[in-house]
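Summary of structural features
Chain by chain, the residues:
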Amino acid sequence: TNCRERYAALPNSTGPDYYIDGNSKGCRTLHGAIAVSNPEGHCAHLSFDPFMDPKGEVKCQESDERSVLDLFTQSELDRFEAFQIRHGFDPEVGHDFDLCGEFGVDCP
């Protein structure tokens, strides 16, 4: 399978409380957005295989049961959803970049 197929097969979140830090689209979307400005620190987190970042951390593999509300306030999430709708993004997807195409060249 190729990168796009593997990404498409991932769940948006994991666990009963919709954790976004496990092997999910949510985790890779978050770290993909950060990798735009900090590729050295976050490209490793996009990997489908466990891959350590420069700090020795592996992310987007096993969940620490961290929900989106652990990272953002409800007000921030509401503003983000309003932004998505205002600019024609599908809130279920949340972005318009291709993690496999856009980042695949520079990330493992």
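Look up: the structure comes first, before these words.
Here is a short report on the structure shown in this document. Since we're looking at a predicted model, the values are computed, not measured.

1. What to know about the overall build of the protein
Helix and strand counts for the protein come out as 6 helices and 0 strands. Shown N-terminal to C-terminal, the secondary structure of the protein runs as helices and strands in the order α-α-α-α-α-α. Among the 108 residues that make up the protein, the fraction classed as buried is 34%. Intrachain contacts of the protein at a sequence separation of at least 6 include 48% that bridge at least 24 residues. On the protein, roughly 7100 Å² of surface is accessible, and the fraction owed to carbon and sulfur atoms is 52%.

2. A closer look at helix H5 (residues 74–86)
Given a rise of 1.5 Å per residue, 13 residues ought to cover 18 Å, and the 18 Å separating the end C-alpha atoms of H5 matches this to within 8%. Downstream of H5 by one or two residues, Gly88 has phi in the positive range, about 80°.

3. Digging into the state of the cysteines
Scanning all chains against the criterion turns up 1 disulfide. The disulfide bridge from Cys27 ends at Cys60, spanning 2.0 Å between sulfur atoms. Negative torsions about the S-S bond denote left-handed disulfides, and the value of about -85° found for Cys27 with Cys60 makes this one left-handed. Within this pair, whereas Cys27 is found in helix H2 (residues 25–35), its partner Cys60 is found in the loop between helix H3 (39–42) and helix H4 (68–71), the two being separated by 33 residues in sequence.

4. Some thoughts on the pattern of salt bridges
Between side chains of opposite charge, a pair can form when the charged atoms approach closely. Enumeration over the complete set of coordinates arrives at 1 salt bridge. Residue Lys59 is joined to Glu57 by a salt bridge in which the shortest nitrogen-to-oxygen separation is 3.5 Å. Looking at Lys59, the relative accessible area reads 30%, which means it is partly exposed.

5. Quick word on the environment of Leu30
Residue position: Leu30 is located in helix H2. Those residues in contact with Leu30, other than ones at most four positions away along the chain, are Ile20, Leu71 and Phe72.

6. Description of the environment of Lys59
Here Lys59 shows up in the loop between H3 and H4. In the structure, Lys59 is positioned 15 residues away from Ala44 in sequence and 7.9 Å away in space, judged by C-alpha atoms. Every residue in contact with Lys59, bar those within four places of it in the chain, is listed here: His31 and His45. Looking at Lys59, its side chain comes within polar contact range of the side chain of Glu57, at 3.5 Å.

7. Details of a negative patch on the surface
On the surface, Asp17, Glu62, Asp64 and Glu65 cluster together into a negatively charged patch. Mapped onto the elements, Glu65 comes out in the loop between H3 and H4. Judged by its relative accessible area of 53%, Glu65 is exposed.

Parameters at a glance
- Residues numbered from 1 in each chain as written.
- Predicted model: local features only at pLDDT ≥ 70, side-chain atom pairs only at ≥ 80, totals over all residues.
- Heavy atoms only, no water.
- Helix = DSSP H or I, 4+ residues; strand = E, 2+ residues; numbered from the N terminus.
- Buried < 20%, exposed > 50% of the residue type's maximum accessible area, 1.4 Å probe, protein only.
- Contact = heavy atoms within 4.5 Å.
- Areas by Shrake-Rupley, 256 points an atom, 1.4 Å probe, with all protein chains shown as cover.
- Expected span 1.5 Å × (residues − 1).
- Disulfide = S-S within 2.5 Å.
- Salt bridge = Lys/Arg side-chain N within 4 Å of Asp/Glu carboxyl O.
- Polar contact = N/O pair within 3.5 Å; in protein donor to acceptor, adjacent residues only side chain to side chain.
- Patch = residues over 30% accessible without salt bridge, like charges linked within 9 Å, V, L, I, M, F, W, Y side chains within 5 Å.
- Lys, Arg positive; Asp, Glu negative; His and termini not counted.
- Charge placed at Lys NZ, Arg CZ, Asp CG, Glu CD.

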